Amino acid sequence: MSRQSTHNPSRALEGVHGVHVVPHSPFTSEEINQDQNFAKSSCGGSAFGVNYMLMQRAWQQRPPCLRPIQGCIHGDQHVLETVANVLTSLPFVVLGINAPRKNLNCKLYANSLIGVGIASSLYHSSRGRFRKYLRWADYTMIATATVCLSRALREENPKMLMAVSAFCLPFQPLMVSAVHTGMMEVAFAKRALKDPDLRMAHNVHKMSSLLGGVLFIADDVFPTTPYLHAGWHLAAAVGVGTCNKLLN
């Protein structure tokens, strides 16, 4: 056997009966390519899975200010309490209709008061699984009214504050309500010091706000006590009525 046939075994097997030599077989390279593609797809899939898990964990651990409200969905222990809560929601609609509408900000505030009365009536009339969503709508509408009132009283409110309030409104309406209610209280007190005609209204406002705060806390601490929420509606309506005098 020559050296050339030794180095080229395919020629050595040529002529043997039943043997067919293929000069080039692609199976090895194809198998390697498939393994490489599988490794790449596995790495890509695992990276996507890790990123998804990190995003999901970050969303679950988001701060409370970015979480939906956990409003109390109890109350309305019987039909009479439901009727009382619905009836005491209607004064907000009346206040919104009679509120001053001398400019765009005042019109927005007046319409938001009407929305407060409607949202509260729908919430107290509701039953079942949709009740918690209407509770959220009720709180959000109240916060919207406080923002509109703050804007109507002070047109020079910082744009950053209004932007942050609009962003937090769906997640933390109670926090937004507290901030803008505090701003309104300061503005009301300053106006009452300068204008003697507003002092009586401011005194009534302070008493109704204090009573409303006590009833709101009591309603949260004693959710099975009837008519506390209706009392809070009435106290809040009196306070809102005195605030409307600031817009005249």
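If you're wondering where the values come from, they're calculated on a predicted model, not measured in any experiment. (Residues numbered from 1 in each chain as written. Predicted model: local features only at pLDDT ≥ 70, side-chain atom pairs only at ≥ 80, totals over all residues. Heavy atoms only, no water.)

Caption draft 1: Local environment of the pattern of salt bridges. Counted under the stated rule, the structure contains one salt bridge. Linking aspartate 138 and arginine 135 is a salt bridge whose minimum nitrogen-to-oxygen distance equals 2.0 Å. On the criterion of helical spacing, the pair formed by aspartate 138 and arginine 135 is a turn pair, its members being three residues apart in helix 7 (residues 131-153). With a relative accessible area of 5%, arginine 135 lands in the buried category. (Salt bridge = Lys/Arg side-chain N within 4 Å of Asp/Glu carboxyl O. Helix = DSSP H or I, 4+ residues; strand = E, 2+ residues; numbered from the N terminus. Buried < 20%, exposed > 50% of the residue type's maximum accessible area, 1.4 Å probe, protein only.)

Caption draft 2: Main features of the packing of aromatic side chains. All chains considered together, the criterion is met by two aromatic pairs. Note on phenylalanine 167 and phenylalanine 171: the rings are 5.8 Å apart at their centroids and 50° apart in plane angle, and the pair reads as tilted. Of the residues examined, phenylalanine 167 reaches a relative accessible area of 52% and is grouped as exposed. According to the relative accessible area criterion, phenylalanine 171 is partly exposed, its value standing at 24%. Where phenylalanine 216 meets tryptophan 232, the ring centres are 5.2 Å apart and the plane angle is 50°; that geometry is what we call tilted. Note that phenylalanine 216 is positioned in helix 10 (residues 199-221) and tryptophan 232 in helix 11 (residues 228-243), a separation of 16 residues in sequence. Across the ring face of tyrosine 123, the terminal group of arginine 131 is positioned such that the distance to the ring centre comes to 4.4 Å. Of note, arginine 135 hangs over the ring of tyrosine 139, and the distance from its end group to the ring centre comes to 4.2 Å. (Phe/Tyr/Trp six-rings, centres within 6.5 Å; stacked < 30°, edge-to-face > 60°. Lys NZ or Arg CZ within 6 Å of the ring centre and 35° of its normal.)

Caption draft 3: A look at a nonpolar patch on the surface. Together, Leu174, Phe216, Ile217, Val221 and Phe222 make up an exposed nonpolar region whose accessible area comes to about 470 Å². If you tally residues by element for the nonpolar patch, the top one is helix 10, at three residues. (Patch = residues over 30% accessible without salt bridge, like charges linked within 9 Å, V, L, I, M, F, W, Y side chains within 5 Å. Areas by Shrake-Rupley, 256 points an atom, 1.4 Å probe, with all protein chains shown as cover.)

Caption draft 4: Highlighting the nonpolar core. With 19 residues, the main nonpolar core has Tyr109, Leu113, Leu149, Val240 and Leu247 as its most contacted residues. Every residue in contact with leucine 247, bar those within four places of it in the chain, is listed here: Pro100, Lys102, Cys106, Tyr109, Leu149, Ala152 and Leu153. One finds Ala143, Val147, Cys168 and Leu169 within the second-largest nonpolar core, a separate group that totals six residues. (Core = buried A, V, L, I, M, F, W, Y, C linked by side-chain atoms within 4.5 Å. Contact = heavy atoms within 4.5 Å.)

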